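# Structural characterization, general
Each chain, letter by letter, is given below.
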Amino acid sequence: MQDALQLLQMQQRILLSGHLRADGDCLGAISVLYHALQALGKEVQVILPNAPDGRYGFLQEHTPWTIFSGSLPNYELLVVCDCNQLSRLGAMGELVAQKDVLRVVLDHHPIAKDHGWTALFHDVSAAASGLLALKMADLLGVKSLPLAAYEAAFVALMTDTGWLKYSNADAAAWQAAARLVSHGVNTERIYDLVYQQAEPERPLGIRVALENLEYLADGRIALCWVPQDRLQEVGGRLEDTDEVLDLLRGVARVEAVALLSERSGLVKLSLRSKHHLDVNLVAAQLGGGGHARAAGVTFEEGVSLTKAVELVRQGLLKGFREQGLDA
Ligand code: 5GP
Ligand code: MN
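These numbers come from a predicted model, not from an experiment. (Residues numbered from 1 in each chain as written. Chains lettered and ligands numbered in written order. Predicted model: local features only at pLDDT ≥ 70, side-chain atom pairs only at ≥ 80, totals over all residues. Heavy atoms only, no water.)

This next bit is on helix α3 (residues 90-98). Every buried residue of α3 is accounted for by Gly 90, Met 92, Gly 93 and Val 96. Buried residues of α3, viewed axially, fall in a sector of 125°; they line one side. Of the exposed residues in α3, those oriented more than 90 degrees away from the buried face are Ala 91, Glu 94 and Gln 98. Buried residues along α3 sit against β1 (13-18), β2 (43-48), β4 (77-81) and β5 (102-107). (Buried < 20%, exposed > 50% of the residue type's maximum accessible area, 1.4 Å probe, protein only. Helix = DSSP H or I, 4+ residues; strand = E, 2+ residues; numbered from the N terminus. Arc of directions from axis to C-beta. Contact = heavy atoms within 4.5 Å.)

Right, dumping it as structure tokens:
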């Protein structure tokens with residue numbers, strides 16, 4: 001952690017980024033760092049590997065970002081938030097890999113030993129990367145942040161803990177929430193911006209997912225998928241998949257939920273579990289990763305939705321067996 005802080009103190013031109021389809025935690029962490037580093041007089045720029053979920057667009061008012069389109073601005077230090085594999089940055093990650101420039105990770109996902117980063121600001125016990133960003137701001141001696149940064153940290157915390165309802169919402173998470181509210185975060189406003197601004201087509205995406213639902217392992221696995229052509233046919237949208245995952249997790253017997261969808265030609269899997277199954281292990285075997293209760297995979301080009309569904313079916317059943325849950 002010390003090394004990461006020193007690098008940030010020493011470098012002047014800092015580029016911030018995060019994973020593909022940046023979520024609330026990724027963007028929240030980036031926003032906190034953006035404001036903290038600006039307060040320290042740094043030149044800060046944010047570049048994202050591709051467009052984030054539209055529901056987080058409001059953060060851009062105070063944290064301007066650009067979308068990667070083949071080249072990177074000049075920088076001395078890159079800080080990547082909420083992931084620790086360059087492959088999670090898509091084509092932008094490939095370009096970064098070719099550059100011999102300092103790179104730091106700020107993240108709460110499990111990390112491999114031979115990770116290749118210059119330094120880490122890393123803690124798997126943190127409920128959100130956004131909380132690590134706040135901690136980093138504290139350790140860098142930033143005395144006060146604008147309200148927008150506290151709001152962004154709140155977005156990070158609330159989206160990664162499902163508004164404090166998932167098992168990662170520990171005491172530190174609740175304390176952080178209280179701290180952010182005491183700094184003036186309007187929780188109702190943030191809830192409205194993140195969860196109550198969807199287009200009318202959005203629920204139709206959920207309909208398509210529910211059309212393709214199957215229960216496995218005696219009802220303890222719920223698996224569903226969203227074919228792109230069917231989504232277009234009904235005019236549905238499925239940007240964020242958490243609504244479907246939460247619905248299916250609501251079924252008493254269900255322990256694990258999987259949702260597959262197609263994004264720009266690639267099949268994307270979201271996995272969630274309630275209490276027992278470590279979905280990070282299941283995702284890792286399929287080429288992805290994440291946390292014990294929330295993980296994901298982006299399948300390689302050429303893997304069809306049908307093929308991916310079968311891989312996930314087998315992967316989950318294997319996970320249940322290997323983790324002793326098939327009794
Ligand atoms: P989501 O299902 O919301 O996209 O992702 C849940 C979690 O799984 C994320 O916090 C992230 O850690 C992880 N994750 C999602 N997609 C991928 C992926 O393609 N590769 C890896 N390694 N992890 C992923
Ligand atoms: Mn996160």
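Each pair of donors in an ideal four-coordinate tetrahedral metal site encloses 109.5 degrees, whereas pairs in an ideal six-coordinate octahedral site enclose 90 or 180 degrees. Protein coordination at the manganese ion (ligand 2): the donors are Asp 25 (OD), Asp 82 (OD), His 108 (NE2) and Asp 160 (OD), at 2.0 to 2.3 Å from the metal. Each donor residue of the manganese ion (ligand 2) lies on one chain, and together they are spaced D-x56-D-x25-H-x51-D. With Asp 25 in helix α2 (residues 24-39) and His 108 in the loop between β5 and β6 (119-122), the pair connects residues that are 83 residues apart, well separated along the chain. (Donors = N, O, S within 2.8 Å, 3.2 Å for Na, K, Ca; no water.)

In this section: the site of ligand 1. Around ligand 1 lies a shell of 15 residues, among which His 109, Lys 268, Ser 270, Arg 272 and Thr 298 are the nearest. A distance of 2.8 Å is found between an oxygen atom of ligand 1 and a side-chain nitrogen or oxygen belonging to Lys 268. Counting only elements with at least two residues in the shell around ligand 1, the list comes to β10 (266-273), β11 (289-290) and β12 (294-298). Here the shell around ligand 1 is built from residues that sort into three nonpolar, nine polar and three charged. The two domains that each donate at least three residues to the shell around ligand 1 are domain 1 (2-195) and domain 2 (202-322). (Near = heavy atom within 4 Å. Polar contact = N/O pair within 3.5 Å; in protein donor to acceptor, adjacent residues only side chain to side chain. Nonpolar A, V, L, I, M, F, W, Y, C, P; charged D, E, K, R; others polar. Domains from an automatic or database assignment.)

Tracing the backbone through its elements, the reader meets Glu 255 in the loop between α10 (242-249) and β9 (256-263). As a buried residue without a salt bridge, Glu 255 has its nearest oppositely charged side chain in Arg 293, at a separation of 5.0 Å. Separated by 3.2 Å, the side chain of Glu 255 and the backbone nitrogen of His 275 make a polar contact. Polar side-chain contacts of Glu 255 include one of 2.5 Å to the backbone nitrogen of His 276. If sequence neighbours within four positions are ignored, Glu 255 has contacts with Arg 220, Arg 272, Ser 273, Lys 274, His 275, His 276, Leu 277 and Phe 320. (Lys, Arg positive; Asp, Glu negative; His and termini not counted. Salt bridge = Lys/Arg side-chain N within 4 Å of Asp/Glu carboxyl O.)

With that out of the way, let us pick up the nonpolar core. With 58 residues, the main nonpolar core has Leu 16, Leu 33, Val 79, Leu 106, Met 136, Leu 145 and Leu 157 as its most contacted residues. The leading source of residues in this core is α2, at nine residues. When neighbours within four sequence positions are excluded, Met 136 is seen to be in contact with Ala 4, Leu 5, Leu 8, Leu 33, Leu 106 and Phe 121. Listed in part, the 25 residues of the second largest apolar core include Leu 216, Leu 271, Val 309 and Phe 320. (Core = buried A, V, L, I, M, F, W, Y, C linked by side-chain atoms within 4.5 Å.)

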